[in-house]
Amino acid sequence: MDGECGDLRQPVGGPPGSAPALPSRSEASERAVGGPEASGGVRLRQEGAGGSGAVGRKRRTHRPPGPRAFPPVDLAMWGLLLALAAFAPAVGQGLGAPGTSVLGLAPSATTEARISTPAPAPAPRSSPAQPPAGKDNGDLPALGPTSPSGTSQQHVQIRIIKKKKVIMKKRKKLTRPSPLATARPVVTTSPAGVLDLPKEQEPGCPPLGLESLRVSDNQLEASSSQSYGLGPHRGRLNIQSGLEDGDLYDGAWCAEQQDAEPWLQVDAEHPTRFSGIITQGRSSIWRYDWVTSYKVQFSNDSRTWWGSRNRSSGMDAVFPANSDQETPVLNLLPEPQVARFIRLLPQTWLEGGAPCLRAEILACPVSDPNGLFPEAPALGSPDPLDFQHHNYKAMRKLMKQVNEQCPNITRIYSIGKSNQGLKLYVMEMSDQPGEHELGEPEVRYVAGMHGNEALGRELLLLLMQFLCHEFLRGDPRVTRLLTETRIHLLPSMNPDGYEAAFHRGSELVGWAEGRWNQQGIDLNHNFADLNTPLWEAEDDGLVPDTVPNHHLPLPTYYTLPNATVAPETWAVIEWMKRIPFVLSANLHGGELVVSYPFDMTRTPWAARELTPTPDDAVFRWLSTVYAGTNRAMQDPDRRPCHSQDFSLYGNVINGADWHTVPGSMNDFSYLHTNCFEITVELSCDKFPHKNELPQEWENNKDALLTYLEQVRMGIAGIVRDKDTELGIADAVIAVDGINHDVTTAWGGDYWRLLTPGDYMVTASAEGYHSATRSCRVTFEEGPVPCNFHLTKTPKQRLRELLAAGAKVPPDLRRRLERLRGQKA
């Protein structure tokens, strides 16, 4: 989320206003299994003897070791030993003494397994049905009586404390989570003192589909919910809440406070091999809630359940969970389990909070030879494409392979470098790559502006493979597209951010990591704000006579050396200037909707407000074309991704009416160039698993092709000099009734996107008389030709003749004399 609130909770035992003391995952692991710190405020829930359904409390007790026989020594030596024993506790603790006693007397092996001394560190709370947190610390039995031989109680404590230090070090080393926030099942100590360690596993199974919505709402169930907005259908990884808590779109599943045994259940609907769980806390800018440990159970009929157990101890595994709201934490099961249902049972959660979580389940399908269950829908595509995620090196290799396979229609070029020096590669696809053909429009797709929104990147890599493959096959649609259009595909505008997200992995990257570039800049807020100077000029009545309504110049502040402009942003701006783009789409992720300019609200400081452009009809047409041909957006049974149901509006929305975005690429492209650009939010899941890429490709393939074909909508033509028949560059094309003009390219050709209708179009250029004509746009495919021949003004002809040293013709002399007489 963009905003964060300060934590107003007080830490356990801390002064008012101090920051909460949150346990590390290794500490939570120890507490969850009753380790050295288990009694410091966490109440343990353990299965009773009656099976998985019986839950009782079990308190650890400390058995004093029996008296030990000492070797006979003389009385003077006994006095020295007793004196050392009296001072040893303070000395040993203060100097960090080794794990053995200062007397050199090691405790027996059985003492290690039985004795567990509590630590004073704060711990998260668990079920409301627990005894008070401080009770365990206050009611501990004596660790050992005075021996018959006269040895003091301190002598026994020395030996136990030293061994406790050793146990803590061992456990922290064994339960430390990996750098990718991957937590292993809790390491427990068997009665014989043997550590129960799970074997190394790789998260080979893909996600079941809670985040991507393949798992429907009716497959999720819970023991209780605080409200509908916190129901089990909201317990999906990376789901985002609205601005207000308590509405229908909250940011997690949360059990009721009085629920003594909360659980969240997922019905896979088919026999499934469950291999792991990923959890997050509650998405909220007002509250802090997350689960710190949980158990897992399985069932085939939702009545009889069994738990995930550690191998050697046979105890139910307690998995360490989260220590903040957003970081995903992965736990792999000690042994994968085949079942239909899986339950997550929170055991402990943040002090003062509630059992709230968002989750994804890792699961592999299991064959059903008897056909007892309906066949699960297959995720696949008939196209022979490379369906996987590509890092920078793999992306370069794939683009090179496409270029080598289709050298006559492809060209790879770079528009600049990222902050970290990675090149921004573009794949150009056309029948004449490398040159602008007169009358052929230029179109672009841009993806990866936010590095963690990876689906757009992969879709463009798939699109270039598909176009190459289908062109070689002679597909007429693709052949026409490549012969009549020049296509530019930029799969990664923010390669630095993507590399950071790719390193974390598709399921562990979270909601925001990798969004910004290496400098911490959001590239979609980094373009120059041209909206404000245009609207101020319009309010003063200066548009279009004094201030143009198109191709607004960059503000002075934006070009200063100390301006905060990312190198990736500058690269795209220069790219826009070099090529006369007509149409573009900016591919994002995290929602299912198409938004169109303006992205910035006209009212200052307004969070959202309908702010249309003069070309609102064209933008709504373009947005509807993509949304109407996207399979996922047209699914009548799909549920909203997060907190807004865009299907109520046809899956299209004005960007500013959704949320204001100053400095967006869409607005900049419209006001600084001829290009009409929209934003496509491709999927609820920003970084879908590679197994879901074939289905995502099928969802978007036709939409990507159909949108490219919209560049033929409207009028197109060439503005020429009437005398020389040469094209006139930078001529202005104005449409009556639309307060936004476009200009011609260097060859005099132009393209003006318009919806069907009759228009009066005027072409003008410096040194020429303007010309106006009527142009009718129909529903038939293809731009309507609308050419112009402009005549030079007398002054322009005179300038050119004088510059060439030629004589002035008589007709031009007479026209100039008449003009002078009119002025007199």
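Starting afresh in each chain, residues are numbered from 1 along the sequence in its written order. Local features in a predicted model are, by the rule used here, given only for residues with pLDDT of at least 70; side-chain atom pairs are given and counted only at 80 or more, and totals for whole chains, interfaces and linings are based on all residues. Hydrogens are left out, water is left out, and the side-chain values use all remaining heavy atoms of the structure.

Engineer: Describe the overall build of the protein, naming the residues involved and giving the relevant values.
Structural biologist: If you tally the helices and strands in the protein, you get 17 helices and 30 strands. Burial classes follow relative accessibility: with a 1.4 Å probe on protein chains only, a residue under 20% of its type's maximum area counts as buried, one over 50% as exposed, and anything between as partly exposed. Put simply, the protein has 824 residues, and 53% of those count as buried. Contacts: residue pairs with any heavy atoms within 4.5 Å of one another. The contacts in the protein between residues at least 6 apart in sequence include a share of 76% that link residues at least 24 apart. Accessible surface, the protein: about 36300 Å² in total, of which carbon and sulfur atoms supply 54%. Every helix listed is a DSSP run of H or I at least four residues long, and every strand listed is a run of E at least two residues long, numbered separately from the N terminus. Shrake-Rupley sampling with a 1.4 Å probe provides the accessible areas, and residues are treated as covered by the protein chains on show and by no other component.

Engineer: I'd like a rundown of helix α9 (residues 495–504), residues and numbers included.
Structural biologist: What α9 keeps buried is the set P495, D496, G497, Y498, A501 and R504. Against β16 (423–429), α7 (455–473) and α11 (567–578) lie the buried residues of α9. In the segment just after α9, G505 is the residue with positive phi, at about 105°.

Engineer: Break down the state of the cysteines for me, with residues and values.
Structural biologist: When two cysteine sulfur atoms are found within 2.5 Å, that pair is recorded as a disulfide. Overall, the coordinates contain five disulfides when judged by the stated rule. The disulfide partner of C205 is C364, and the gap between their sulfur atoms is 2.0 Å. Disulfide C205 to C364: torsion about the S-S bond roughly -115°, handedness left-handed. In this pair, C205 sits in the loop between β6 (195–196) and β7 (220–222) while C364 sits in strand β14 (residues 356–365), placing the two residues 159 residues apart along the sequence. A relative accessible area of 4% means that C205 is categorised as buried.

Engineer: Would you mind going over the confidence of the model for the protein in detail, with residue names and values included?
Structural biologist: Averaged over the protein, the pLDDT score is 80; the fraction of residues at 70 or greater is 74%. Of the regions scoring below 50 in pLDDT, residues 1–201 engages in 304 contacts with residues more than four places distant in sequence or in other chains. The pLDDT score gives, residue by residue, the confidence of the prediction method on a 0 to 100 scale.

Engineer: Could you give an account of the nonpolar core, with specific residues and numbers?
Structural biologist: Burial of nonpolar side chains together is a common tendency in soluble globular proteins. Definition of nonpolar core: a set of buried residues of the types Ala, Val, Leu, Ile, Met, Phe, Trp, Tyr and Cys, connected through side-chain atoms within 4.5 Å. Grouped together as the largest cluster of nonpolar side chains are 101 residues, with contacts concentrated most on Y445, L467 and W575. When residues in this core are grouped by element, the largest group, ten residues, is from α7. For L467, the contacting residues outside a window of four places in its chain are M429, V478, L481, L482, I487 and L705. In terms of nonpolar packing, the next biggest core, distinct from the first, is built from 27 residues, L208, L220, A268 and L333 among them.

Engineer: Can you lay out the packing of aromatic side chains for me, pointing to particular residues and giving the numbers?
Structural biologist: We call Phe, Tyr and Trp rings a pair once their centres come within 6.5 Å, taking the six-membered ring for Trp, and we label the pair stacked below 30 degrees between planes, edge-to-face above 60, and tilted otherwise. As enumerated under the stated definition, the model contains 21 aromatic pairs in all. Centre to centre, the rings of F527 and F668 are 5.5 Å apart; their planes meet at 40°, and the pair counts as tilted. One end of the pair, F527, is in the loop between α9 and α10 (531–539); the other, F668, is in helix α14 (residues 665–672), and 141 residues separate them in sequence. For the residue pair F527 and F668, the accessibility class agrees, reading buried in each case. Seen from their ring centres, Y670 and F676 are 5.4 Å apart, and the 85° between their planes marks the pair as edge-to-face. We note that Y670, like F676, is buried. Here, a charge over a ring means that NZ of Lys or CZ of Arg falls within 6 Å of the ring centre while also lying within 35 degrees of the ring normal. The aromatic ring of W263 is capped on one face by R343, whose charged end is 3.6 Å from the ring centroid.

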